[in-house]
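Per-entry structural report
One-letter residues, chain by chain:
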Amino acid sequence: MSKKTVLVAGGGGFIGGYLVSRLLKDGFQVRSVDIKPLDQWYQVFGDAENVVADLKLIESCNAACDGVDDVYNLAADMGGMGFIENNKALCMLSVLINTHLLQAALDARVDRFFYASSACVYNADKQKSEDVIPLKEADAYPAMPEDGYGWEKLFSERMCRHFREDYGLYTRVARFHNVYGPLGTWDGGREKAPAATCRKIIHAKETGASEVEIWGDGKQTRSFMYIDDCIKGILAIMDSQILEPINLGSDEITTIEGLYDMVEEIAGVKFKHNHDLTAPKGVNGRNSDNTLIKEYLGWAPSIRLRDGMEKTYQWIHSEYLKKHAGQPV
Ligand code: NAD
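Because the structure is a prediction, the values reported are computed rather than measured.

Cut-off values and rules
Residues numbered from 1 in each chain as written. Predicted model: local features only at pLDDT ≥ 70, side-chain atom pairs only at ≥ 80, totals over all residues. Heavy atoms only, no water. Axes fitted to C-alpha atoms, helices over the stretch in contact; angles between N-to-C directions. Helix = DSSP H or I, 4+ residues; strand = E, 2+ residues; numbered from the N terminus. Parallel < 35°, antiparallel > 145°, perpendicular 65-115°, else oblique. Left-handed = near helix turned anticlockwise from the far one by under 90°. Contact = heavy atoms within 4.5 Å. Nonpolar A, V, L, I, M, F, W, Y, C, P; charged D, E, K, R; others polar. 1 Å grid on protein atoms, 1.4 Å probe; cavity = no way out; pocket = protein on both sides within 12 Å on 5 of 7 lines; lining within 4 Å. Points joined across faces, edges and corners; volume = space filled by probe spheres on them. Near = heavy atom within 4 Å. Polar contact = N/O pair within 3.5 Å; in protein donor to acceptor, adjacent residues only side chain to side chain. Areas by Shrake-Rupley, 256 points an atom, 1.4 Å probe, with all protein chains shown as cover. Phe/Tyr/Trp six-rings, centres within 6.5 Å; stacked < 30°, edge-to-face > 60°. Buried < 20%, exposed > 50% of the residue type's maximum accessible area, 1.4 Å probe, protein only. Lys NZ or Arg CZ within 6 Å of the ring centre and 35° of its normal.

Examining the packing of helix α7 (residues 193-207) against helix α11 (residues 305-324)
- Contact geometry of α7 with α11 gives a least axis separation of 9 Å together with a crossing angle of 55°. Classified by the angle their axes make, α7 and α11 are oblique. Judged by the twist between their axes, the crossing of α7 over α11 is right-handed. Each of Pro 194, Ala 195, Cys 198, Arg 199, Ile 202, His 203, Lys 205, Glu 206 and Thr 207 in α7 lies in contact with α11, whose residues at this interface are Met 309, Tyr 313, Ile 316, His 317, Tyr 320 and Leu 321.
- Looking at side-chain class alone, the contact of α7 with α11 contains nine nonpolar, three polar and three charged residues.

Okay, structure coming up:
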């Protein structure tokens, strides 16, 4: 039997790179497509077919889906809170990627289609308190998602549903909650809280500073999913009978202040925390309700935050030192 061919859209990105790696190990033929020049991809694999193309364009999507069995759509313009709050139009333009990929996947008669959605689809009213009740899938409606990025994700989720219902395309959708780990973005403006926390603490340690700055009052609550759990979940959800969008996230909750304390402990330092109350801080509380994923898969992300942050910190530390020694990172 010939090997299945799989498209990873956004394969040059953080999660996409890990997914390509895993699919190659599992024996798939992988086509990895990303808009970034190849030297900016987080991971490049010689045994994958690596294509630089803009998947906002229908012709790029047609070429990407040609001869493919499964599609994983991880391509999007995204970043941490600082990025998505200041680039709403850009984030919404990712709707062209999913729309054209769905059309192209249907035309190419692919077997299966996976879409990476986000916890940013959840109704803002349910996330007003730090003492948040974990978000269950039904809490996305009535719709009041994160402006820009969240609206695009909710619309694209919906489009996957209707391509399944109306055209019979096999679609699966996971709502990722804050994914982190080594090989992720850690500076430049698109980084998320776990990587930004590591970088700020490393910088303070290396420069002999005594203070670090936290965005917001630090009381915001979040959960963070280690990359290995994310990849395991993507593959399991693609293989499952779960038709509706489902949470893929950790339910180990922490405050942002608690995240700084944890990373300081890993780094063996203690700094004074200054709070920038004017900086973007997102919702007050967000956590993943994992009842449904446990019911369907008998599994949920379980890698402890302390364990994942230890690995992430060590990797960012080595990248930081390389960068400041003028070496490529
Ligand atoms: P990432 O930014 O590292 O990867 C996304 C990739 O998509 C990038 O490499 C980017 O160049 C590529 N891309 C953007 N526009 C493109 C285009 N027009 N054509 C082709 N490629 C294009 O982000 P990530 O963290 O790996 O996220 C992957 C997916 O998961 C995204 O859809 C994201 O919205 C979703 N998600 C991620 C998180 C998280 O915490 N990382 C949380 C929720 C949802």
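Describing empty space enclosed by the protein
- Scanning the entire structure with this criterion turns up one cavity of 30 Å³ or more.
- Counted as a void, the largest cavity has a volume near 40 Å³.
- Elements supplying a minimum of two residues to the lining of the largest cavity: α6 (149-167) and β6 (170-176).
- Take the lining of the largest cavity: its biggest share by element is four residues, from α6.
- Class assignment of the residues belonging to the lining of the largest cavity gives a composition of four nonpolar, one polar and three charged.

A few points about the site of the ligand
- Taken together, 27 residues form the shell around the ligand, and within it Ile 15, Asp 34, Asp 54, Tyr 149 and Val 179 come nearest.
- Measuring from an oxygen atom of the ligand, one finds a side-chain N or O atom of Asp 34 at 2.6 Å.
- In isolation the ligand has 810 Å² of accessible area, and contact with the protein removes 95% of it.
- Those elements that place two or more of their residues in the shell around the ligand are α1 (14-25), β5 (112-118) and α6.
- The biggest single contributor to the shell around the ligand is β5, with three residues.
- The class makeup of the residues in the shell around the ligand is 15 nonpolar, six polar and six charged.

Quick notes on the packing of aromatic side chains
- Summed over the entire model, instances satisfying the criterion amount to five aromatic pairs.
- Consider the rings of Tyr 72 and Phe 114, whose centres lie 5.9 Å apart with planes at 40°: the pair is tilted. Within this pair, whereas Tyr 72 is found in strand β4 (residues 70-73), its partner Phe 114 is found in strand β5, the two being separated by 42 residues in sequence.
- For the pair Phe 163 and Tyr 167, a centre-to-centre distance of 5.1 Å together with 85° between the ring planes defines the contact as edge-to-face. With Phe 163 and Tyr 167 both in helix α6, this residue pair falls four residues apart, about one helical turn.
- On the accessibility criterion, Tyr 167 (52% relative accessible area) is exposed.
- When the ring centre of Tyr 42 is taken as reference, the NZ or CZ atom of Lys 36 above it lies at 4.2 Å.
- Between Arg 172 and the ring centre of Tyr 170, over which it is positioned, the NZ or CZ distance is 3.8 Å.

Comments concerning the layout of surface pockets
- Empty space within the second largest pocket amounts to approximately 150 Å³.
- In terms of lining residues, the second largest pocket is bounded by Glu 137, Ala 138, Tyr 141, Glu 157, Arg 158, Arg 161, Arg 175, Glu 244, Pro 245 and Leu 292.
- With three residues, α6 is the largest single contributor of residues to the lining of the second largest pocket.
- Here the lining of the second largest pocket is composed, by residue class, of four nonpolar, no polar and six charged.

Scope: geometric values only; no functional claims are made or implied.
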